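Overview (structure and organization)
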Amino acid sequence: MIASSRSPLIWVVHISVILLVVLWTLPTAGLLISSLRDKDQLAVSGWWTALSTSSQNLVFRAPGADTQVEKDGKFVIAGTVLEGQGAQVSAFGFNSRAPTAFKPGETAELNDGEKLTVQADGAFQIVSDTAMEGSRGQRIFYTAAIPPRFTFDNYREVMRAAGIGASFINSLTVAIPATIIPILVAAFAAYALAWMKFPGRAILIAVVVGLLVVPLQMSLIPLLKLYNGVGAFLGVPAKTYVGIWLAHMGFGLPLAIYLLRNYMAGLPREIMESARVDGASDFDIFIKIILPLSFPALASFSIFQFLWTWNDLLVAMVFLGTGNNELVLTGRLVNLLGSRGGNWEILTASAFITIIVPLIVFFTLQRYLVRGLLAGSVKGG
C-alpha cells in the first residue's frame, strides 16, 4: 500500500529531474554546436539544423574583363560561384531586385548584351559578342543548398586575438584567491556562530541573513570609496588584485557563512563534546573534526564562488581596471566582439571558452553539491 502510494511521487521526481537536466544541457550543447559551425550557416539557421542542408542567398563577383578568353568568335569569362563549397545552385540572378529569377542552366540577358549562364554545380559563363571592358566583374546572385560545414575557425580567431592568454591568467589570478579566501574566513565564522556561545551571536546570525539580500550594485560604489580612502591613507594603489580579492570576499561572505553555519550546526554534538573531554580546544576541534566533516559544504560554496568570480565583469572593471595588462577574460572577449556587435559569429566560441574552466570545476565537485546544500537544512544548532 505504501509502495503504491509512493510510486506516482517517485515518477514525478524522476521526470522533474530529467526535465531539469535537459533544460541545463540543451543550451550548453547548442552553444558547442554553434561554435563549431561555419559562420555563414550560423547566420541563417539555428544550431538544431546543423546536420541538415541549409539554403543560403549568396553573392559572387565574377573576375574582371582581363580574364576573358576568345572561343569561336565569342568572348567568355568562366568559373564557378561555389568555390569548392560542395553545394548545389537552385536559382540565380544578376541584380539584387531579382536574385532568383533564373533556374540553373537558363541563360540571362545582361543589360549590356552579355549572356550569363549558371549551372547547378556552380559553373558559370559570361558570353559576349564583343570584347568586354571594365575592371570590376559582374555580380552573380544565387541561392545554393549547402551541406553542413564544421570548422575551428571561430576558435582560432578568438585564441589568436591579442591579449587572450594574459587575460586568461588574470581571470585565474582573480578567481582562485577570491574563492579560497572567503572559504577560510567563513569557515571560522561559521564554526563560531554554530558552536561557540558568546553575547550577540543571534544578532550576528540575523545580520548575515540580512546581508544575503543586499544587491551588489547598491554596495559597490560605497565599498569602492571606502577602499580608495583606506588605500590613500596607507599609500596603497587603488587598482590591485588585493582590492578585488577583498571585494569578492565581502560579497561572498554572507552566503558562505550562512551555508557553512547551517551545515556545521547539523553535525553531531557528541563528537565535539567527546573532543572537549579529551582536552581539545576549539581550534583543534575546528581543524581536526569540523573541517574534514564539512568538506561537502565547502565544495558546494567553492562551486558558487568560483563561477561568480570567473564570470564577473563589473567588479573586475571597477576594482582592477580595464587596461590591457589588467583586463580579465570576460572583458577581453567583450572588446573582441566590438561595441556594435561586430564579429558576432565568434560569440559562441568565446562563450564556450569562458565556460570550460567552470565546467571542469563543477564536474569535479558536483557530487558534493547536493550533499552540501541539503545537509543541515532540517536540524539546526
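None of these values were measured; they are calculated from a predicted model. (Residues numbered from 1 in each chain as written. Predicted model: local features only at pLDDT ≥ 70, side-chain atom pairs only at ≥ 80, totals over all residues. Heavy atoms only, no water.)

**Focus on the pattern of salt bridges**
All told, the structure shown has five salt bridges when counted by the stated rule. Residue Lys-74 is joined to Asp-129 by a salt bridge in which the shortest nitrogen-to-oxygen separation is 2.3 Å. Of this pair, Lys-74 sits in strand β3 (residues 74–80) while Asp-129 sits in the loop between β7 (123–128) and β8 (139–146), and the two are 55 residues apart along the sequence. A salt bridge links Asp-153 to Arg-156, with the nearest nitrogen and oxygen atoms 2.8 Å apart. Pair noted here: Asp-153 and Arg-156 are both in helix α3 (residues 153–159), with a separation of three residues, about one helical turn. (Salt bridge = Lys/Arg side-chain N within 4 Å of Asp/Glu carboxyl O. Helix = DSSP H or I, 4+ residues; strand = E, 2+ residues; numbered from the N terminus.)

**Notes on the environment of Ile-10**
Topologically, Ile-10 is positioned in helix α1 (residues 2–36). Residues Ile-10 and Gly-266, 256 residues apart in the sequence, show an inter-C-alpha distance of 27 Å.

**Regarding the packing of helix α5 (residues 201–211) against helix α7 (residues 241–265)**
Direction vectors running N to C along α5 and α7 enclose 125°, while the axes themselves pass 8 Å from each other. Taken together, α5 and α7 sit at an angle that is classed as oblique. The element α5 and its partner α7 pack so that their crossing is left-handed. Of the residues in α7, those touching α5 at Ile-205, Val-208, Val-209 and Leu-211 are Pro-254, Ile-257, Tyr-258 and Arg-261. The residue makeup of the contact of α5 with α7, split by class, is seven nonpolar, no polar and one charged. (Axes fitted to C-alpha atoms, helices over the stretch in contact; angles between N-to-C directions. Parallel < 35°, antiparallel > 145°, perpendicular 65-115°, else oblique. Left-handed = near helix turned anticlockwise from the far one by under 90°. Contact = heavy atoms within 4.5 Å. Nonpolar A, V, L, I, M, F, W, Y, C, P; charged D, E, K, R; others polar.)

**A closer look at the sheet that holds β8**
The three strands lie next to each other as β1-β8-β4, forming an open sheet whose pairing is antiparallel. Edge positions in the sheet fall to β1 (54–61) and β4 (88–93), since each has one partner strand and no second. Averaged over all pairs of adjacent strands, the angle between strand axes in this sheet comes to 25°, irrespective of strand direction. For β1 and β8, the ladder comprises eight bridges, and the chain directions are antiparallel. For Arg-61, the partnering residue across the bridge sits in β8 and is Arg-139. (Pairing = 2+ DSSP bridges.)

**Here's the deal with the packing of helix α4 (residues 164–195) against α7**
Taken N-terminus to C-terminus, the directions of α4 and α7 make an angle of 40°; their axes are 6 Å apart at the nearest point. In terms of orientation, α4 and α7 fall into the oblique class. Seen along the crossing, α4 lies across α7 with a hand that is right-handed. By residue class, the composition of the contact of α4 with α7 is 25 nonpolar, three polar and one charged.

**Focus: the nonpolar core**
Generally speaking, soluble globular proteins have nonpolar side chains that are buried together. Judged by nonpolar contacts, the single largest core of 28 residues is most densely connected at Tyr-191, Trp-195, Leu-260, Met-264, Met-272, Ile-285 and Ile-290. At nine residues, α7 tops the list of elements feeding residues into this core. Residues contacting Trp-195, with those up to four places away along its chain left out, are Arg-201, Met-264, Ala-265, Leu-267, Arg-269, Met-272, Arg-276 and Ile-290. Residues Ile-77, Val-89, Phe-92 and Met-132 belong to the second largest nonpolar core, which totals 23 residues. (Core = buried A, V, L, I, M, F, W, Y, C linked by side-chain atoms within 4.5 Å. Buried < 20%, exposed > 50% of the residue type's maximum accessible area, 1.4 Å probe, protein only.)

**Structural notes on the packing of aromatic side chains**
The tally for this structure, following the rule as stated, stands at 12 aromatic pairs. Here Phe-94 and Phe-102 contribute two aromatic rings whose centre-to-centre distance is 6.2 Å and whose plane-to-plane angle is 25°, an arrangement assigned as stacked. Residue classification places Phe-94 among the buried positions, given a relative accessible area of 17%. Grouped by ring-pair contacts, the aromatic residues Phe-92, Phe-94 and Phe-102 constitute a single cluster. (Phe/Tyr/Trp six-rings, centres within 6.5 Å; stacked < 30°, edge-to-face > 60°.)

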